[in-house]
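Single-letter residue listing:
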Amino acid sequence: MYLSRILLLDNNNSDFNRDTMRALTSLNRFHGALSICFPGERTRHLWRIDNLKDALYLLILSKEEPNFTSFCQQFSPSENDWETKNYDTLLNNLTDESTWKFRLTANPTVRKSHQGNNGQGKIQACEIVEEQKKWLLNRAERHGFQLLYDDFDVVQNKWKIFTKSDGHRISLLSVTFEGILTITNVELFREALINGIGRGKAYGMGLLTIIHV
């Protein structure tokens, strides 16, 4: 596995790339551009947009080692503004009961029942912070970690609304969580890191990252 980071915008630089600004409001542009940066058949990769130290980055997790030259030529200040690290070292050294700082950008949703909908219910975004935190708490055990309500926060709420090339309108609520978690099942947790959590993975949701406390 490989974890990569691409510089999109530097807030200290007044020059803004128009393609980047368009893609930030229509995330399917990033999704399509990323798919050609990897060898072999096209597969879906986890990614998200991060604000770090007055700069905007695209973070990507992939099974194959990428080449982002073409992507950077279109969306980054320079074709060399990207770096890739081997992710297997971290994945192979996870242990039960270890504690980590985490960041997750996800699309918290809930299925609410309605009459006349064959009992299936309608999927709706969790718009209240308390519901968003409850959504993640309810998924912690199945993904191999323990999370306490007071040990994490919602640091960003933002609707992503755009139209795909086929005319289909997409509306996703992007929610970023940060806090402290404890691993309880290494295998399940490793799967969560690799496969992501929740919906909207094609549009920058689901990527969970961790660093040592």
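## A word on the overall build of the chain
- Scanning the chain for helices and strands turns up six helices and 11 strands.
- In summary, the chain has a C-alpha radius of gyration of 18 Å against a globular reference of 17 Å for 213 residues, a match within 12%.
- Referenced to the eigenvectors of the C-alpha coordinate spread, the extents of the chain come out at roughly 45 × 45 × 35 Å.
- The proportion of buried residues among the 213 residues of the chain is 45%.
- Put simply, 69% of the contacts in the chain that link residues at least 6 apart link residues at least 24 apart.
- About 12000 Å² of surface is accessible on the chain, with carbon and sulfur atoms providing 43% of the total.

## Thoughts on the environment of Gly-200
- With respect to the helices, strands and loops of the structure, Gly-200 is situated in the loop between helix H6 (186–195) and strand E11 (208–212).
- For Gly-200, a relative accessible area of 18% gives the class buried.
- Residues Gly-200 and Ser-76, 124 residues apart in the sequence, show an inter-C-alpha distance of 24 Å.
- Not counting residues up to four positions away in its chain, the partners in contact with Gly-200 are Leu-172 and Met-205.

## A closer look at the pattern of salt bridges
- Applying the stated rule across the entire model yields five salt bridges.
- Among the ionic pairs, Asp-50 bridges to Arg-48, the shortest N-O distance being 2.7 Å.
- Residue classification places Asp-50 among the buried positions, given a relative accessible area of 6%.
- Between Arg-103 and Glu-178 there is a salt bridge; the shortest N-O distance is 2.4 Å. Placement of Arg-103 in strand E5 (residues 99–106) and of Glu-178 in strand E10 (residues 169–183) is noted, with a sequence separation of 75 residues between them.

## Overview of the environment of Thr-109
- Residue position: Thr-109 is located in strand E6 (residues 109–112).
- Distance from Thr-109 to Leu-24, taken between C-alpha atoms, is 22 Å for residues 85 residues apart in sequence.
- Ignoring anything within four residues of it in the chain, the contact list for Thr-109 reads Ile-123, Gln-124, Ala-125, Cys-126, Trp-135, Arg-139 and Arg-199.

## Overview of the nonpolar core
- Grouped together as the largest cluster of nonpolar side chains are 31 residues, with contacts concentrated most on Phe-102, Leu-136, Phe-177 and Phe-189.
- Every element with two or more residues in this core is listed here: strand E3 (55–62), E5, helix H5 (129–140), strand E9 (152–163), E10, H6 and E11.
- Among the elements that take part in this core, E10 stands out by supplying five residues, more than any other.
- Apart from the residues within four sequence positions on either side, Phe-177 is in contact with Phe-102, Arg-103, Leu-104, Ala-106, Pro-108, Gln-132, Lys-133, Trp-135, Leu-136, Phe-152, Asp-153 and Val-154.
- If you look at the next biggest cluster of nonpolar residues, it comprises 25 residues, including Ile-6, Leu-34, Phe-38 and Ala-202.

Conventions we followed
- Residues numbered from 1 in each chain as written.
- Predicted model: local features only at pLDDT ≥ 70, side-chain atom pairs only at ≥ 80, totals over all residues.
- Heavy atoms only, no water.
- Helix = DSSP H or I, 4+ residues; strand = E, 2+ residues; numbered from the N terminus.
- Rg over C-alpha atoms; globule rule 2.2 N^0.38 Å.
- Buried < 20%, exposed > 50% of the residue type's maximum accessible area, 1.4 Å probe, protein only.
- Contact = heavy atoms within 4.5 Å.
- Areas by Shrake-Rupley, 256 points an atom, 1.4 Å probe, with all protein chains shown as cover.
- Salt bridge = Lys/Arg side-chain N within 4 Å of Asp/Glu carboxyl O.
- Core = buried A, V, L, I, M, F, W, Y, C linked by side-chain atoms within 4.5 Å.

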